[in-house]
Structure formats: C-alpha cells, structure tokens
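One-letter residues, chain by chain:
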Amino acid sequence: MFLGLEWYWWLGIAAVVLVSVPFKIWYMKRWNRRRREEREKQRQKWGEEE
C-alpha cells in the first residue's frame, strides 16, 4: 500500500482528520471570542487607551 501502510491505517487516519478539523475550527472560534471579550473588559477598565 501507499507509504507501507495498510488500507485500515489510512481509514483510521482519515477518521481522525475528519473529527479533528471541525473541533479545531470550533476551538479557534471560541478562543478568539474569549480574547475579544478580555480585550473589551480591559478597555472598559482602563478607558479607550491602548
């Protein structure tokens, strides 16, 4: 097989990729939202200065 791996290993790798990509997108959206909220909290605390 391709790169010396059997077909079932490629099936497992594909399954991991298919599950991890949506999870990463969800996590990045959540992380960016949290950073934005923390930035807004700092601006409210200290005013509009940066």
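Overview of the structure.

A few points about the overall build of the chain
For the chain, the helix and strand inventory stands at one helix and zero strands. Buried residues in the chain amount to 0% of all 50 residues. Accessible surface computed for the chain: about 5,300 Å², of which carbon and sulfur atoms make up 62%.

Focus on a positive patch on the surface
Together, K29, R30, R33, R35, R36 and R39 make up a region of like positive charge exposed at the surface. Mapped onto the elements of the fold, R30 is located in helix α1 (residues 7–46). Relative accessible area serves as the criterion here: at 45%, R30 is assigned to the partly exposed category.

Cut-offs applied
- Residues numbered from 1 in each chain as written.
- Predicted model: local features only at pLDDT ≥ 70, side-chain atom pairs only at ≥ 80, totals over all residues.
- Heavy atoms only, no water.
- Helix = DSSP H or I, 4+ residues; strand = E, 2+ residues; numbered from the N terminus.
- Buried < 20%, exposed > 50% of the residue type's maximum accessible area, 1.4 Å probe, protein only.
- Areas by Shrake-Rupley, 256 points an atom, 1.4 Å probe, with all protein chains shown as cover.
- Patch = residues over 30% accessible without salt bridge, like charges linked within 9 Å, V, L, I, M, F, W, Y side chains within 5 Å.
- Salt bridge = Lys/Arg side-chain N within 4 Å of Asp/Glu carboxyl O.
- Lys, Arg positive; Asp, Glu negative; His and termini not counted.
- Charge placed at Lys NZ, Arg CZ, Asp CG, Glu CD.

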